[in-house]
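# Structural overview for review
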Amino acid sequence: MPFKVESSGQEVEVLGTHFNISAYDDDKLAKTTLLEGSVRLNGKTILKPGDQSVLKNAEIKVGQVNTEDAIAWKNGKFKFEHENIKDLDAEGSPVV
């Protein structure tokens, strides 16, 4: 049964799938990562498994990602690439 998730200026129509959405109020962008199945964003952009959309300033860009990295948080893991450990705060986020 399809359903919709609305977050950070995007509407994700779920068409039977496994997916992850990262859209926090203090983030400058929203990410939707598709692991399996399909989703439609804002009524037009369809993601395939392995795709990640990034919504920033009302513009959606889609690219391929490592889905294991996108859901590592679910398993209590954090993955950083090209980050100096000294540049991370106590929560593991890059200090800006």
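Residues numbered from 1 in each chain as written. Predicted model: local features only at pLDDT ≥ 70, side-chain atom pairs only at ≥ 80, totals over all residues. Heavy atoms only, no water.

## Description of the nonpolar core
For clarity, the cut-off: In these notes, a set of buried Ala, Val, Leu, Ile, Met, Phe, Trp, Tyr and Cys residues joined through side-chain atoms within 4.5 Å is what counts as a nonpolar core. Accessibility here uses a 1.4 Å probe with only protein chains present; expressed as a share of the type maximum, an area under 20% marks a residue as buried, one over 50% as exposed, and anything in between as partly exposed. We count a stretch as a helix when DSSP gives it H or I for four or more residues in a row; a strand needs E for two or more, and each element gets its number in order from the N terminus. We call two residues contacting when some pair of their heavy atoms lies within 4.5 Å.
Judged by nonpolar contacts, Val12, Val14, Leu34, Val39, Leu41 and Leu47 together constitute the single largest core of 6 residues. When contributions to this core are tallied by element, the ones reaching two or more residues are β2 (10–22) and β3 (30–41). Residue contributions to this core peak at 3 residues, all from β3. When near neighbours in sequence (up to four residues on either side) are disregarded, Leu47 contacts Thr32, Leu34, Gly37, Ser38, Val39, Leu41, Ser53 and Val62.

## A short note on the packing of aromatic side chains
Inclusion rule: Two aromatic rings, drawn from Phe, Tyr or Trp (for Trp, its six-membered ring), form a pair once their centres lie within 6.5 Å of each other, and the interplanar angle then sorts them: stacked below 30 degrees, edge-to-face above 60, tilted otherwise.
Going through the model one piece at a time under the given rule, you end up with 1 aromatic pair. Centroid distance Phe3 to Phe19: 6.4 Å. Interplanar angle 45 degrees. Geometry classified as tilted. Residue Phe3 is found in strand β1 (residues 3–7), and its partner Phe19 is found in strand β2; the two are separated by 16 residues along the sequence. Using a relative accessible area of 43% as the deciding quantity, one classes Phe3 as partly exposed. Judged by its relative accessible area of 27%, Phe19 is partly exposed.

## So, unusual backbone geometry
The residue Asn42 is not glycine, and still its phi comes out positive at about 50 degrees. Topologically, Asn42 is positioned in the loop between β3 and β4 (45–47). By relative accessible area, which is 29% here, Asn42 ends up partly exposed. At Ala58, a position not held by glycine, the phi torsion is positive, near 65 degrees. Mapping Ala58 onto the fold places it in the loop between β5 (51–56) and β6 (59–64). Take Ala58: its relative accessible area is 76%, and that puts it in the exposed class.

## Observations regarding the pattern of salt bridges
Stated formally: We define a salt bridge as a side-chain nitrogen of Lys or Arg found within 4 Å of a carboxyl oxygen belonging to Asp or Glu.
Taken as a whole and judged by the stated rule, the model has 2 salt bridges. Lys4 is the partner of Glu11 in a salt bridge, and the nearest nitrogen-oxygen pair spans 3.7 Å. The class for Glu11 is partly exposed, based on a relative accessible area of 25%. Take Lys4: its relative accessible area is 51%, and that puts it in the exposed class. Glu13 is paired through a salt bridge with Arg40; the nearest N and O atoms lie 2.9 Å apart. Residue Glu13 is found in strand β2, and its partner Arg40 is found in strand β3; the two are separated by 27 residues along the sequence. Among the residues examined, Arg40 registers a relative accessible area of 25% and is labelled partly exposed.

Bear in mind that shape data such as this cannot, by itself, settle questions of function.
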